[in-house]
Amino acid sequence: MKAIVQDNYGPAAALDLRDIDRPAIGDDEVLVQVRAAGVDPGVWIFMTGRPYLVRLAAGLRRPRVAVRGRDLAGVVTAVGARVTRFRPGDEVYGTCLGGSYAEFASAPAQRLAGKPANLSFEQAAAVPVSGMTALRAVRDSGAVRPGHRVLVIGASGGVGSLAVQIAKAYGATVTGVCAPARIEFVRSLGADDVLDYTGEEIDRDGPVYDVVIDTGGDRPLALLRRALTPRGTLALVGGAYTRGRLLGGYGRQMFRAPLLSLFVGQRLRTVSAVERTDDLDELRELIESGALTPAIDRTYPLADAADALRHFTDGHPAGKVVVTI
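The structure presented is a predicted model; accordingly, all values stated were derived computationally and were not measured. (Residues numbered from 1 in each chain as written. Predicted model: local features only at pLDDT ≥ 70, side-chain atom pairs only at ≥ 80, totals over all residues. Heavy atoms only, no water.)

S.K.: So what's going on with the side chain of T175? Which residues, and what values?
M.R.: When you line up the elements, T175 lands in strand 9 (residues 173-178). The contact partners of T175, leaving out residues within four places of it in the chain, are V150, L151, V152, D193, V194, L195 and Y209. (Helix = DSSP H or I, 4+ residues; strand = E, 2+ residues; numbered from the N terminus. Contact = heavy atoms within 4.5 Å.)

S.K.: Give a detailed account of the pattern of salt bridges, specifying residues and quantitative values.
M.R.: Counting across every chain of the model gives 24 salt bridges. Here E282 and R139 are joined by a salt bridge, their closest N and O atoms 2.8 Å apart. With E282 in helix 9 (residues 277-289) and R139 in helix 4 (residues 128-141), the pair connects residues that are 143 residues apart, well separated along the chain. Of the charged contacts in the structure, one is a salt bridge between D279 and R276, with a shortest N-O distance of 3.5 Å. On the basis of relative accessible area, R276 is assigned to the partly exposed category, the value being 35%. Residues joined in a network through salt bridges with shared partners are R136, R139, D140, R276, D279 and E282. (Salt bridge = Lys/Arg side-chain N within 4 Å of Asp/Glu carboxyl O. Buried < 20%, exposed > 50% of the residue type's maximum accessible area, 1.4 Å probe, protein only.)

S.K.: Account for the packing of helix 4 against helix 5 (residues 158-169), with residues named and values stated.
M.R.: Helix 5 packs onto helix 4 with a crossing angle of 50° between their chain directions and a minimal axis gap of 8 Å. One way to sum up the angle between helix 4 and helix 5 is to call them oblique. Crossing handedness for the pair helix 4 and helix 5: right-handed. Touching S130, G131, T133, A134, L135 and V138 of helix 4 are G158, V159, L162, A163, I166 and A167, all from helix 5. Of the residues belonging to the contact of helix 4 with helix 5, the class tally is eight nonpolar, four polar and no charged. (Axes fitted to C-alpha atoms, helices over the stretch in contact; angles between N-to-C directions. Parallel < 35°, antiparallel > 145°, perpendicular 65-115°, else oblique. Left-handed = near helix turned anticlockwise from the far one by under 90°. Nonpolar A, V, L, I, M, F, W, Y, C, P; charged D, E, K, R; others polar.)

S.K.: Hey, could you go over the packing of aromatic side chains for me, with residue numbers and the actual values?
M.R.: Summed over all chains, the structure comprises zero aromatic pairs. Against the face of F104 rests R22, its NZ or CZ located 3.8 Å from the ring centre. (Phe/Tyr/Trp six-rings, centres within 6.5 Å; stacked < 30°, edge-to-face > 60°. Lys NZ or Arg CZ within 6 Å of the ring centre and 35° of its normal.)

S.K.: Lay out helix 1 (residues 41-48) in plain terms, naming residues and giving numbers.
M.R.: Turning to helix 1, its buried residues number three or more, namely V43, W44, I45, M47 and T48. Those residues of helix 1 that are buried are in contact with strand 3 (29-39), helix 2 (55-58) and helix 10 (305-314). For helix 1, the capping residue at the N-terminal end is D40, with a side-chain oxygen 2.7 Å from the backbone nitrogen of G42. At the exit of helix 1 stands G49, carrying a positive phi of roughly 70°. (Polar contact = N/O pair within 3.5 Å; in protein donor to acceptor, adjacent residues only side chain to side chain.)

S.K.: Summarise the sheet that holds strand 11 (residues 209-214); cite the residues concerned and give the values.
M.R.: Taken in spatial order, the six strands make up an open sheet running 10-9-8-11-12-13, and their pairing is parallel. With one partner strand each, in any of the chains shown, strand 10 (193-196) and strand 13 (267-270) form the two edges of the open sheet. For this sheet the average axis-to-axis angle between neighbouring strands, irrespective of direction, equals 20°. Where strand 8 (residues 149-153) lies against strand 11, four bridges are found, and the strand directions are parallel. Its bridge partner being in strand 11, V150 is matched across the sheet by V211. Taken strand by strand, helix 5 contacts strand 8 and strand 9, and its axis lies near 170° from that of strand 8. (Pairing = 2+ DSSP bridges.)

S.K.: Tell me about helix 4, and name the residues and values.
M.R.: Of all the 14 residues making up helix 4, 13 are buried; the element is thus mostly covered by neighbouring parts of the structure. Two residues or fewer past helix 4, A143 is found with a positive phi of approximately 50°.

S.K.: Give a description of the nonpolar core that names residues and reports values.
M.R.: In this structure, Y93, V138, V150, I166, I213 and L283 are the most contacted members of the largest nonpolar core, which totals 49 residues. With six residues, the single largest contributor to this core is helix 5. Grouped together as the second largest cluster of nonpolar side chains are 20 residues, V39, Y101, A305 and V321 included. (Core = buried A, V, L, I, M, F, W, Y, C linked by side-chain atoms within 4.5 Å.)

S.K.: Tell me about unusual backbone geometry, and please be specific about residues and values.
M.R.: Both trends apply: most residues other than glycine have a negative phi, and most peptide bonds are in trans. Residue P51 follows R50 across a cis peptide bond; omega there is 0°. The residue P51 is located in the loop between helix 1 and helix 2 in this model. The backbone of A143 sits at a positive phi, close to 50°, despite the residue not being glycine. Structurally, the position occupied by A143 is in the loop between helix 4 and strand 8.

S.K.: Go over the environment of V322 with me, naming the residues and quoting the values.
M.R.: Checked against the element boundaries, V322 lands in strand 15 (residues 320-324). For the pair formed by V322 and G38, sequence separation is 284 residues and the distance between their alpha carbons is 4.5 Å.

S.K.: So what about the environment of R22? Which residues, and what values?
M.R.: Structurally, R22 is set in the loop between strand 2 (16-19) and strand 3. R22 sits in the exposed class, given a relative accessible area of 52%. A sequence separation of 19 residues divides R22 from A3, and the C-alpha atoms of the two residues are 9.5 Å apart. R22 has contacts with M1 and F104, leaving out every residue within four places of it along the chain.

Scope: geometric values only; no functional claims are made or implied.
Given below as structure tokens:
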């Protein structure tokens, strides 16, 4: 099968389209013929090996997993002996550990769910990593309830665009923060108000937000807290991952936010990255009800996956970038 492989950490030029063997599956795994795969910060991080802390899990000198990609949507072609939820021919979406920028991928059954019936494979591939992250930011870390005022920073990105819609579905009044070129896009997602970060700072209205979801910036915690009510919640998603060799922008949620939370009334929370079927099922319900629609900025064929990564990091996409197979 054809797959996007890399032997060493590096920029997108390190990616190579090759013929490799199909992955084997274990008793609890599913073999998926991949139709589309998403691009997210994790792909860039595992491609570059930066911040360096990630190499403790990914491989100190070179990637342990040679094939890039996590999100996938496709068709089941085989199932392991203990898999009962899926059978060949099922359309699924979810995540894998062995790389999804390939014609076939093996995935643990507990990381897959039935594909939303009203989405194409390309749309479905835009959901898993970003959607589960957004869901956990809104539902778990933020504990968003009807009547809450929610601020989503990075509202035009992969996670942010879904967080805006999920927060609205949970009954919140939502303000999105984005660049001026993305204002109409963020309004189209259902945001009640949009803040142009080039002209106004997030504390423009004072401490009025019950929940602030920061999807990847590097604003100081003091500034983020000034937009929160005294008992509000800050949900930190990712960081300025292209900055800093050791920790990138993740020092805020790994060290500073947990420590500060011990001394202030506001809740400063890191959004966990657990991936499971139950969350994919909830996302499917939101999608099929019409409350959630993934936005795709651009698609690239498998052979141009390197260009997809370049556009993701340099093009400031509105929504997700997707690789089609």
